[in-house]
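What follows is each chain in one-letter form.
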Amino acid sequence: GFFQCYAVEVDIKDASNATCLYANWMMRFLVTYESNNGDYKTTTLNLSSTVTHNGSVCGNDTQAALVAVQFGEGHSWSINFTKTNETYQGDFITLTYNTNDTAVFPDAKRKGPVTVLMKDTSHPVQLNTVFVCHNVYLVEEENITQIFWNVTMQAFVQNGTVSKKESRCYADEPTSAPTAPPTTANVTTASTTTLSPAPTTAPKPVENPETGNYSLKSGNKTCFLATVGLQLNVSQDKPLLININPKTTIADGACGNTTATLKLNDGNSTLIGF
């Protein structure tokens, strides 16, 4: 299914009404939670059409800057930034999701707000430089996968003007083409290499994917086992085949009484969920 997703724009002003922190981005979350019968379900938490940014602050030499947003039925997300004499950097990301929101978390065993703290892995950015990331990138912790794209963000803005100098994320390297945002809770689209013009001769067939062994444990017992070769056929302007390399792919997930969730991350921004 397709999910409506909204962009968020936060423009924080200082005491003189000058912009001190600017952010514009899109995001969604994959959350695995336990249901009343012991099964583990994965749901997609999207931003609503109405988002507030109460609690956001500019920051200074002694206080961290903070982008904080609230959305939906009691959900919130924030990231704080610290700076040195030359750079600023995201420090911690905090997501609070409310399982009382039955539209998103039907039949959740645990009721009420749940808060997860994650370390931001983005690289430091030079002061007076805006961080930009058009392609999809992920931040994962415990049972949460945060998915970001179309990000434009600058903390500690100088002279009230967002810089035109950009610092790009790794996913936006010159050899990468912008990717479509993920459309389901099970599959997110990988960053892909730029497609060349159609060849005049028949293209070389893509080799079959290498078979990998993936497993999950519950305590000391294996509860999920998959022996499989995986190939993605991505429909863009031109077809693109991607083989999943088991040597660089990490398996994660959880087992319930009657269901299990297996997440495979190949280290190149490809996330597959079963």
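None of these values were measured; they are calculated from a predicted model.

I'm lost on the overall build of the protein chain in this one. Help?
Helix and strand content of the protein chain: zero helices and 23 strands. Put simply, the protein chain has 274 residues, and 43% of those count as buried. Residue pairs at least 24 apart in sequence account for 54% of intrachain contacts in the protein chain once pairs closer than 6 positions are excluded. Counting only carbon and sulfur atoms, one obtains 50% of the accessible surface of the protein chain, whose full area is about 14600 Å².

What should I look at first to understand the side chain of Thr 249 in this one?
By the element assignment, Thr 249 lies in the loop between strand E20 (239-243) and strand E21 (250-255). Of the polar contacts made by the side chain of Thr 249, one reaches the backbone oxygen of Asn 245; its length is 2.6 Å. Among all residues touching Thr 249, those that are not within four sequence positions of it are Tyr 214, Ile 244, Leu 264, Asn 265 and Asp 266.

What's the story with the state of the cysteines in this structure? I'm lost.
In a disulfide, the sulfur atoms of two cysteines are covalently bonded to one another. Enumeration over the complete set of coordinates arrives at three disulfides. Between the sulfur of Cys 133 and that of Cys 169 lies a disulfide, 1.9 Å long from S to S. On the S-S bond that ties Cys 133 to Cys 169, the torsion sits near 70°, and the link is right-handed. With Cys 133 in strand E10 (residues 130-133) and Cys 169 in the loop between strand E13 (166-168) and strand E14 (176-177), the pair connects residues that are 36 residues apart, well separated along the chain. Cys 169 sits in the buried class, given a relative accessible area of 9%. With its sulfur 1.9 Å from that of its partner, Cys 223 forms a disulfide with Cys 255. Here Cys 223 and Cys 255 share a disulfide; its torsion about the S-S bond, 75°, makes the bridge right-handed. Pair noted here: Cys 223 is in strand E18 (residues 221-229) and Cys 255 is in strand E21, with a separation of 32 residues, a long-range link. Disulfides within the protein chain link the bonded cysteines, taken in sequence order, as 1-2, 3-4, 5-6.

It is not clear to me how the packing of aromatic side chains should be interpreted in this structure. Could you clarify?
The description of an aromatic ring pair uses the distance of the two centres, along with the angle that the planes make with each other. Enumeration over the complete set of coordinates arrives at eight aromatic pairs. Each ring, one from Phe 81 and one from Tyr 88, has its centre 6.3 Å from the other, and the planes form 70°; the classification is edge-to-face. Each member of the pair, Phe 81 as well as Tyr 88, carries the same accessibility label: buried. Ring pairs connect the aromatic residues Trp 25, Trp 77, Tyr 137 and Phe 148, which therefore count as one cluster. One residue, Lys 119, lies across the ring of Phe 92, its end atom 4.7 Å from the ring centre.

I keep staring at the environment of Lys 217 and nothing clicks. Help me out?
Checked against the element boundaries, Lys 217 lands in strand E17 (residues 211-218). Expressed as a C-alpha distance, the spacing of Lys 217 and Gly 253, which sit 36 residues apart in the sequence, is 9.2 Å. Polar side-chain contacts of Lys 217 include one of 3.2 Å to the side chain of Thr 222.

Even after reading the chapter, I still don't get the nonpolar core, so can you show me in this structure?
As a rule of thumb, soluble globular proteins bury nonpolar side chains together. Within the largest apolar cluster, 45 residues are counted, with the highest numbers of intra-cluster contacts made by Trp 25, Trp 77, Phe 81 and Tyr 97. Examining the composition of this core, we find that eight residues originate from one element, strand E2 (residues 19-34), more than from any other. With ten residues, the next largest nonpolar core counts Leu 216, Cys 255, Leu 264 and Ile 272 among its residues.

Help me understand the environment of Trp 149 in this model?
Within the secondary structure, Trp 149 is located in strand E12 (residues 144-154). Residue Trp 149 is classed as buried on the basis of its relative accessible area of 3%. Between the C-alpha atom of Trp 149 and that of Ala 171, which follows or precedes it by 22 residues, the distance is 9.9 Å.

Reading guide: rules and limits
- Residues numbered from 1 in each chain as written.
- Predicted model: local features only at pLDDT ≥ 70, side-chain atom pairs only at ≥ 80, totals over all residues.
- Heavy atoms only, no water.
- Helix = DSSP H or I, 4+ residues; strand = E, 2+ residues; numbered from the N terminus.
- Buried < 20%, exposed > 50% of the residue type's maximum accessible area, 1.4 Å probe, protein only.
- Contact = heavy atoms within 4.5 Å.
- Areas by Shrake-Rupley, 256 points an atom, 1.4 Å probe, with all protein chains shown as cover.
- Polar contact = N/O pair within 3.5 Å; in protein donor to acceptor, adjacent residues only side chain to side chain.
- Disulfide = S-S within 2.5 Å.
- Phe/Tyr/Trp six-rings, centres within 6.5 Å; stacked < 30°, edge-to-face > 60°.
- Lys NZ or Arg CZ within 6 Å of the ring centre and 35° of its normal.
- Core = buried A, V, L, I, M, F, W, Y, C linked by side-chain atoms within 4.5 Å.

From the geometry alone we can't say anything about function, so treat these as descriptive.
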